Amino acid sequence: DNRNFTSSILYMLNKAPHPNASKLFLNWVLTKEGSLTWSQLIKTNSRRKDVEPQNAFLIPPANRNLILVDSEEAKKEFAKTMDLAKQLLN
């Protein structure tokens with residue numbers, strides 16, 4: 001199935017035993033080589049434009065005007081949606 005919804009979030013632990021190793025790994029993942037390797041492992045697409053997509057299902061259609069959900073413009077709509085969801089759950 002091409003619908004892989006594995007999270008692509010990396011976390012850095014506070015007070016890690018080797019914080020410089022975490023920084024080194026994160027810096028590598030952000031390179032072209034690291035981003036390609038990471039996206040191949042978790043079968044998702046990189047945010048980098050110079051890395052070939054690994055999951056065609058996750059490529060947004062070219063003819064659609066999509067909303068960037070974490071943009072400043074979307075915050076008001078997101079808040080309204082959350083309020084509606086809370087009302088439905090009560």
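Procedures and definitions
Residues numbered from 1 in each chain as written. Predicted model: local features only at pLDDT ≥ 70, side-chain atom pairs only at ≥ 80, totals over all residues. Heavy atoms only, no water. Patch = residues over 30% accessible without salt bridge, like charges linked within 9 Å, V, L, I, M, F, W, Y side chains within 5 Å. Areas by Shrake-Rupley, 256 points an atom, 1.4 Å probe, with all protein chains shown as cover. Salt bridge = Lys/Arg side-chain N within 4 Å of Asp/Glu carboxyl O. Helix = DSSP H or I, 4+ residues; strand = E, 2+ residues; numbered from the N terminus. Phe/Tyr/Trp six-rings, centres within 6.5 Å; stacked < 30°, edge-to-face > 60°. Buried < 20%, exposed > 50% of the residue type's maximum accessible area, 1.4 Å probe, protein only.

Colleague: Just give me the short version of a nonpolar patch on the surface, but keep the residues and values in it.
Modeller: A cluster of nonpolar side chains, contributed by Leu10, Phe25 and Trp28, occupies part of the molecular surface with about 250 Å² of accessible area. Looking at where phenylalanine 25 falls in the secondary structure, it is placed in helix α1 (residues 19–29).

Colleague: Before we move on, could you go through the packing of aromatic side chains and cite the residues and values that matter?
Modeller: On inspection of all chains with the given rule, the structure shows two aromatic pairs. With a centroid separation of 6.0 Å and 35 degrees between ring planes, the pair formed by phenylalanine 25 and tryptophan 28 is classed as tilted. Of this pair, phenylalanine 25 and tryptophan 28 are both found in helix α1, three residues apart, which corresponds to roughly one turn of the helix. Tryptophan 28 gets classed as partly exposed once you look at its relative accessible area, which sits at 31%. Centre to centre, the rings of phenylalanine 25 and tryptophan 38 are 6.4 Å apart; their planes meet at 70 degrees, and the pair counts as edge-to-face. Of the two residues, phenylalanine 25 is situated in helix α1 and tryptophan 38 in helix α2 (residues 32–42); the sequence distance between them amounts to 13 residues. Judged by its relative accessible area of 39%, phenylalanine 25 is partly exposed. An aromatic cluster is defined as three or more aromatic residues linked by ring pairs; in this entry it consists of Phe25, Trp28 and Trp38.

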